[in-house]
Number of protein chains: 2
Amino acid sequence: MFSKACEYGIRALTVIAKKTEDGSKVGIKDICKASNTPESFTAKILQNLAKKDIIQSQKGPSGGFYIDRDLSEISLYDIVDAIDGPSIFFGCGLGLKECDASRPCPMHDSFESVRDDMMKMCKENDLQSLITGLNKDTYQR
Amino acid sequence: MFSKACEYGIRALTVIAKKTEDGSKVGIKDICKASNTPESFTAKILQNLAKKDIIQSQKGPSGGFYIDRDLSEISLYDIVDAIDGPSIFFGCGLGLKECDASRPCPMHDSFESVRDDMMKMCKENDLQSLITGLNKDTYQR
DNA sequence: TCTATAAAAGATATTAAGGTCTTTTATTCT
DNA sequence: AGAATAAAAGACCTTAATATCTTTTATAGA
Ligand code: FES
Ligand code: FES
């Protein structure tokens, strides 16, 4: 459904969010241990998210990643859009250049509503709600 | 959402289904022109679908692809499962080894219902319903 | 039986996703 | 100022998806 980059990104973000809630920053090594994601690859993903201002980062000793906004302001939609782009929310299910209700593909009528549900779900979920119940072995499997 | 192979596969199948409804077989060239898909790649996809008995094929003059079952018996679910496998219907949204409600990832509760909607949609749609309204320029864009 | 046709099979090529490694830059602390 | 730390940046590698090409096999029809 989502790319690996997106899966890792979301997992890493929940770890950062949790730490942010505790009032501290967290380094890439700890993030990747907790989120069970490959370190160098996840670093690239976070670099991208930092550039897009979804998260903040600080270099040097006592540096790391953190979030400077209210966690409830960062939706799953924002995250998926930042990493995988908007095509999952707007693209045609059969890969036509664009989904166009006036020239529907055979799947359009049914697909559109599933896709919209997905979008709604992603807009309703945010980092605050995602970290409720998150514990340190959630991703260890 | 779906792989290119799956998108092409579905598109090609609707073309074959339409021809089957007219009582004739159709060759790979015509299929790919009508479905607007790359020829050699689509041939591989159809080969796979023929092996899995979703479609039938006949070699030689006046040969081609066709379908020997009631079109309404072949669901989108069968097609997607045959080409992309079942992970889109059962996999964890955050990429954990398996989706397990007793050890849910942070997305589980919301994701499961969207994924189930997708599955329901795919089980409800079949080749018969997909080809209603299909015309020869549906895919030409 | 021979030829033409069309799919199957297999080999190969290209591109994008996934992943790693090394060097550079910024920052803190001594 | 200098050393240590940690992210950014960029180069590089690997694998899987996408795509093409060539050879083989089956079949219909002359
Ligand atoms: S046109 Fe294909 S999903 Fe809308
Ligand atoms: S455990 Fe992740 S979606 Fe069910």
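Refer to the structure printed above.
Residues numbered from 1 in each chain as written. Chains lettered and ligands numbered in written order. Predicted model: local features only at pLDDT ≥ 70, side-chain atom pairs only at ≥ 80, totals over all residues. Heavy atoms only, no water.

Asks: What is the right way to read the overall build of chain A from this model?
Replies: From N to C terminus, chain A includes seven helices and two strands. The helix and strand sequence of chain A, counted from the amino end, reads α-α-α-β-β-α-α-α-α. The buried share among the 141 residues of chain A stands at 48%. Taking contacts inside chain A between residues at least 6 apart in sequence as the whole, the part at least 24 apart equals 65%. Approximately 6,900 Å² of chain A is accessible, and the part contributed by carbon and sulfur atoms is 48%. (Helix = DSSP H or I, 4+ residues; strand = E, 2+ residues; numbered from the N terminus. Buried < 20%, exposed > 50% of the residue type's maximum accessible area, 1.4 Å probe, protein only. Contact = heavy atoms within 4.5 Å. Areas by Shrake-Rupley, 256 points an atom, 1.4 Å probe, with all protein chains shown as cover.)

Asks: What is the right way to read a negative patch on the surface from this model?
Replies: Together, Asp116(A), Asp117(A), Asp116(B) and Asp117(B) make up a negatively charged patch on the protein surface. Every element with two or more residues in the negative patch is listed here: α6 (108–124) of chain A together with α6 (108–124) of chain B. Position of Asp117(B) relative to the elements: it lies in helix α6. (Patch = residues over 30% accessible without salt bridge, like charges linked within 9 Å, V, L, I, M, F, W, Y side chains within 5 Å. Salt bridge = Lys/Arg side-chain N within 4 Å of Asp/Glu carboxyl O. Lys, Arg positive; Asp, Glu negative; His and termini not counted. Charge placed at Lys NZ, Arg CZ, Asp CG, Glu CD.)

Asks: Any chance you could explain the protein's contact with DNA strand C here in plain terms?
Replies: Neighbouring DNA strand C are 26 residues; Tyr8(A), Gln58(A), Pro61(A), Lys44(B) and Ser57(B) lie closest to it. Within 4 Å of the protein, the contacting atoms of DNA strand C are drawn from sugar and phosphate to the extent of 62%. For DNA strand C, a phosphate oxygen lies 2.9 Å from a polar atom in the side chain of Gln58(A). Within the backbone of Gly60(B), one N or O atom sits 3.2 Å away from a sugar or linking oxygen of DNA strand C. (Near = heavy atom within 4 Å. Polar contact = N/O pair within 3.5 Å; in protein donor to acceptor, adjacent residues only side chain to side chain.)

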